[in-house]
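Close look at the chain arrangement
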Amino acid sequence: MNYKDYLSITDEIQEALESGKPIVALESTILSHGMPFPENVEFAHKVEVVVREAGAIPATTAIIGGKLKIGLTSDELDLMCKAENVGKVSRRDVATYLATNQTGATTVATTMLIASLAGIKVFATGGIGGVHRGATETMDISADLQELAHTPVAVVGAGCKSILDIGLTLEYLETMGVPVLGYQTDDFPAFYCRKSGFGVDYNIPDAQTAAKIMKTKWDLGLEGGMLIANPIPAEYELDYDYMEKVINEALEMAKKDGIHGKATTPYLLAHIKDITSGVSFASNLQLAYHNAKVASDIAVEFAKLNK
Ligand code: PSU
Ligand code: MN
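To start, this report covers the structure provided alongside it. The shown structure was predicted, so the numbers you read here are calculated from the model rather than taken from an experiment.

Here the focus is the overall build of the protein chain. The number of helices and strands found in the protein chain is 13 helices and 11 strands. Rg of the C-alpha trace for the protein chain: 18 Å, near the compact-globule value of 19 Å for 307 residues, within the 12% margin. In terms of principal-axis extent, the alpha carbons of the protein chain reach across some 50 × 45 × 35 Å. Put simply, the protein chain has 307 residues, and 54% of those count as buried. Distance from the positive charge centre (26 side chains) to the negative charge centre (39 side chains) of the protein chain: 3 Å.

Shown next as structure tokens:
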């Protein structure tokens, strides 16, 4: 079998791929394991509207019925949001889920992989996974970082949460040769906060510059993707010290409950939402919409360059 036999691409996206129209990939782990039901249903649909309004075509990915799905129907989006018997699928899980016909939500790593197989070059998410705090002991480093190192997709995200060790995450990305570009910022954003205290490699002024950097990197045959770090809009930003306290509390709870491995990130996300009584969730939604808008602008510019 050819890898294409495993792909199930909607007609709209297939046509867009053939005619070089802008497409933005979206992940489903953010739906199934990153946001609560039923609030995630509105998000799943609305984020696709944001992409369309900016002139691109949304391509939410998932593993359903033994296929790598690119573009989900409304029912399939709802299935991922309900998340009953929907696993969290990172790169290592992909073949097993396909071969055993399990339903899986795609992480950043897996969404990049699927997007790349289909020829989609831009992907919008909330935040990426990275090097966890305490990783020097646990070795808990998200597969997202290796994917950024090897798979040619530009990921637009609001940096990463400080559930991670942001400094080590940036060191890892540097070692792996992954460009970290700040979208209209000198500061690497910390998800809920516009600044993490760490810098980015380059502050890029606009979507066109992002598209040019993508094209240049891949023209040169340089392996891997890039991270385009887009800060949360100022009006939705949360206080850094407050969020540090919340995150530390969530980390303590995870330790007490003996959480580790792939359960760690979903556990922390759910508890951060609870501790902040949903305030953090409102910010989470807004930054994800904003990432979808910026990713769409970049996809539009990238499509123009490749005409
Ligand atoms: N960080 C968030 N929200 C998320 C995730 C990370 O703020 O929803 C999800 C993404 O799908 C990401 C995954 O790819 O968690 C990382 O999981 P892990 O740390 O197990 O690699
Ligand atoms: Mn992990």
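Take the site of ligand 1 next. Taken together, the neighbourhood of ligand 1 is formed by 15 residues, with Glu27, Lys88, Ser142, Asp144 and Lys161 sitting nearest. At 2.8 Å, a backbone N or O of Val108 approaches an oxygen atom of ligand 1. Between ligand 1 and Ser142 there is a distance of 2.6 Å, counted from an oxygen atom to a side-chain nitrogen or oxygen. Every element with two or more residues in the shell around ligand 1 is listed here: helix H2 (29-32) and helix H12 (264-275). The residue makeup of the shell around ligand 1, split by class, is four nonpolar, seven polar and four charged.

A few words now on the state of the cysteines. This structure, assessed with the given rule, holds zero disulfides. Here Cys160 is not disulfide-linked; the sulfur of Cys193 is the nearest cysteine sulfur, at 12 Å. With a relative accessible area of 0%, Cys160 lands in the buried category.

Residue Pro38 is reached from Phe37 by a cis peptide bond, and omega for that bond is 5 degrees. Structurally, Pro38 can be placed in the loop between H2 and helix H3 (39-53). Even without a glycine there, the phi angle at Gln184 is positive, about 55 degrees. In this structure, Gln184 sits in the loop between strand S9 (180-183) and strand S10 (202-204).

Here we come to the environment of Gly87. When you line up the elements, Gly87 lands in strand S5 (residues 87-89). For Gly87, a relative accessible area of 14% translates into the label buried. For the pair Gly87 and Ala135, spaced 48 residues apart in the sequence, the C-alpha separation amounts to 24 Å. Residues in contact with Gly87, not counting those within four places in the same chain, are His33, Tyr97, Thr103, Gly104 and Ala105.

Ile70, Ile120, Ile128, Leu148, Val155, Phe188 and Ile272 are the most contacted members of the largest nonpolar core, which has 58 residues in total. By residue number, the principal contributor to this core is helix H6 (residues 108-118), which donates six residues. Here Ile128 is in contact with Val108, Asp144, Leu145, Leu148, Val155, Gly159, Cys160, Leu164 and Leu227, once residues within four sequence places are set aside.

Here the focus is the pattern of salt bridges. Side-chain pairing between opposite charges can occur once the charged atoms of the two side chains come close. Applying the stated criterion to the full structure yields 10 salt bridges. Note that Arg52 is salt-bridged to Glu12, the shortest N-O span being 2.8 Å. Pair noted here: Arg52 is in helix H3 and Glu12 is in helix H1 (residues 11-19), with a separation of 40 residues, a long-range link. On the basis of relative accessibility, which here comes to 36%, the residue Glu12 falls in the partly exposed class. When the shortest N-O distance is used, the salt bridge between Glu76 and Lys69 registers 3.0 Å. Residues joined by salt bridges that share partners form a network here, namely Arg92, Asp93 and Lys262.

On to the packing of helix H8 (residues 143-150) against helix H9 (residues 166-175). If you want to describe how two helices pack, look at the angle between their axes and the distance between the axes. Contact geometry for H8 and H9: axes closest at 9 Å, N-to-C directions at 30 degrees. The angle between the axes of H8 and H9 places the two elements in the roughly parallel class. Considering the relative orientation of H8 and H9, their crossing is right-handed. In this structure, H8 uses Leu145, Gln146 and Leu148 to contact H9, whose residues at the interface are Thr169, Tyr172 and Leu173.

Rules and cut-offs
Residues numbered from 1 in each chain as written. Chains lettered and ligands numbered in written order. Predicted model: local features only at pLDDT ≥ 70, side-chain atom pairs only at ≥ 80, totals over all residues. Heavy atoms only, no water. Helix = DSSP H or I, 4+ residues; strand = E, 2+ residues; numbered from the N terminus. Rg over C-alpha atoms; globule rule 2.2 N^0.38 Å. Buried < 20%, exposed > 50% of the residue type's maximum accessible area, 1.4 Å probe, protein only. Lys, Arg positive; Asp, Glu negative; His and termini not counted. Charge placed at Lys NZ, Arg CZ, Asp CG, Glu CD. Near = heavy atom within 4 Å. Polar contact = N/O pair within 3.5 Å; in protein donor to acceptor, adjacent residues only side chain to side chain. Nonpolar A, V, L, I, M, F, W, Y, C, P; charged D, E, K, R; others polar. Disulfide = S-S within 2.5 Å. Contact = heavy atoms within 4.5 Å. Core = buried A, V, L, I, M, F, W, Y, C linked by side-chain atoms within 4.5 Å. Salt bridge = Lys/Arg side-chain N within 4 Å of Asp/Glu carboxyl O. Axes fitted to C-alpha atoms, helices over the stretch in contact; angles between N-to-C directions. Parallel < 35°, antiparallel > 145°, perpendicular 65-115°, else oblique. Left-handed = near helix turned anticlockwise from the far one by under 90°.

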